[in-house]
Amino acid sequence: NYEQFVDTVTFHGLDQIDLISLDHDLGDSAMAEWHKNVYHNYTLNYDNITEKTGMDCTKWLVNQWLDGAPVVDVVIHSANAVGSANMMGYINNYRHVNRLPQNCVRVRIEHTV
């Protein structure tokens, strides 16, 4: 969840991290929104999501960069195509404005369970 992400990154420090892989849907209401709207209609309404999402993690991360923390590579592993696009766009926009390679992409990680 969002709190665990922030706590883990804060504990280790961005200077000790090479790559971050983010998911979008971090709770039950986000999953319900994916099943109800994103999967069938390609729409995402954040008003229907009660917990923080990977987009909140993305915004927190970019704020850390804006405050001078090291910029690390990020990939998105979410099945939520709309949420993934939002997150990639946010990160790649920061990278573009700061003349860094726009290398945040969506990846597929096979489930083994």
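Everything that follows concerns the structure shown earlier in this document.
No experiment lies behind these values; they were computed from the predicted model shown.

## Topic: the pattern of salt bridges
This structure, assessed with the given rule, holds one salt bridge. Arg95 serves as the salt-bridge partner of Asp73, at 3.8 Å between the closest nitrogen and oxygen. On the criterion of sequence distance, the pair formed by Asp73 in strand β2 (residues 73-76) and Arg95 in helix α4 (residues 81-97) is long-range, its members being 22 residues apart.

## What to know about the pairing of β2
Every regular strand shows the same layout, with side chains that alternate between the two sheet faces. Pairing of strand β1 (residues 19-22) with β2, which is carried by four bridges, proceeds in the parallel orientation. Considered in β2, the bridge of Ile20 is made with Val74. In this structure, β2 lies alongside strand β3 (residues 105-106), joined through two bridges in parallel fashion. By the bridge assignment, Ile76 is partnered in β3 with Arg106. Of the crossover connections in this fold, the one passing from β2 over α4 to the parallel β3 is right-handed.

## Some points on the packing of aromatic side chains
Two measures describe an aromatic ring pair: the distance that separates the ring centres and the angle between the ring planes. Per the stated rule, a full pass over the model turns up three aromatic pairs. A ring pair is formed by Phe5 and Trp60, whose centres lie 5.7 Å apart and whose planes are at 80°; its orientation type is edge-to-face. Taken together, the residues Phe5 in helix α1 (residues 2-12) and Trp60 in helix α3 (residues 54-66) connect sequence positions 55 residues apart. The same class applies to Phe5 as to Trp60, namely buried. Ring centres of Trp34 and Tyr39 lie 5.1 Å apart, and the angle between their planes is 55°; this geometry places the pair in the tilted category.

## Looking at the packing of α1 against α3
Running from N to C, α1 and α3 point in directions that differ by 30°, and their axes come no closer than 9 Å. In terms of orientation, α1 lies roughly parallel with respect to α3. Where α1 crosses over α3, the two elements pack in a sense that is right-handed. Each of Tyr2, Phe5, Val6, Val9 and Thr10 in α1 lies in contact with α3, whose residues at this interface are Asp56, Cys57 and Trp60.

## A short note on the packing of α3 against α4
Taken N-terminus to C-terminus, the directions of α3 and α4 make an angle of 10°; their axes are 9 Å apart at the nearest point. Here α3 is positioned roughly parallel relative to α4, judged by the angle of their axes. From α3, Gly54, Met55, Thr58, Lys59, Val62, Trp65 and Leu66 reach across to α4, where they touch Asn86, Met87, Tyr90, Ile91 and Tyr94. Of the residues belonging to the contact of α3 with α4, the class tally is eight nonpolar, three polar and one charged.

About the thresholds
- Every chain is numbered on its own, with residues counted from 1 as its sequence reads.
- Residue-level local features of this predicted model are given only where pLDDT is at least 70; pairs of side-chain atoms are given and counted only at 80 or more, and the full residue set underlies all totals for whole chains, interfaces and linings.
- To get the side-chain values, all heavy atoms of the structure are used, and hydrogens and water are removed first.
- Put simply, a salt bridge is a Lys or Arg side-chain nitrogen that is within 4 Å of an Asp or Glu carboxyl oxygen.
- Counting from the N terminus, the helices are the DSSP runs of H or I reaching at least four residues and the strands are the DSSP runs of E reaching at least two.
- Two strands form a pair only when DSSP identifies at least two bridges running between them.
- For crossovers, right-handed means that the path from the first strand over the helix to the second runs clockwise, given strands pointing away from the viewer.
- Whether two aromatic rings pair depends on their centres lying within 6.5 Å, for rings of Phe, Tyr and Trp, where Trp uses its six-membered ring; planes under 30 degrees apart make the pair stacked, over 60 edge-to-face, and the rest tilted.
- Exposure classes here rest on a 1.4 Å probe applied to the protein chains alone. A residue is buried below 20% of its type maximum, exposed above 50%, and partly exposed in between.
- The axes are straight lines fitted to the C-alpha atoms, using for helices just the contacting stretch, and the angles between their N-to-C directions are given from 0 to 180°.
- Put simply, angles under 35 degrees are roughly parallel, angles over 145 are roughly antiparallel, angles from 65 to 115 are roughly perpendicular, and the rest are oblique.
- Take the far helix as the reference: if the near one is turned anticlockwise from it by less than a right angle, the crossing is left-handed, and if turned clockwise, right-handed.
- Contacts are residue-level and defined by heavy atoms, with any inter-residue pair within 4.5 Å sufficient.
- Ten residue types, Ala, Val, Leu, Ile, Met, Phe, Trp, Tyr, Cys and Pro, are classed as nonpolar, four, Asp, Glu, Lys and Arg, as charged, and the remainder, Gly among them, as polar.

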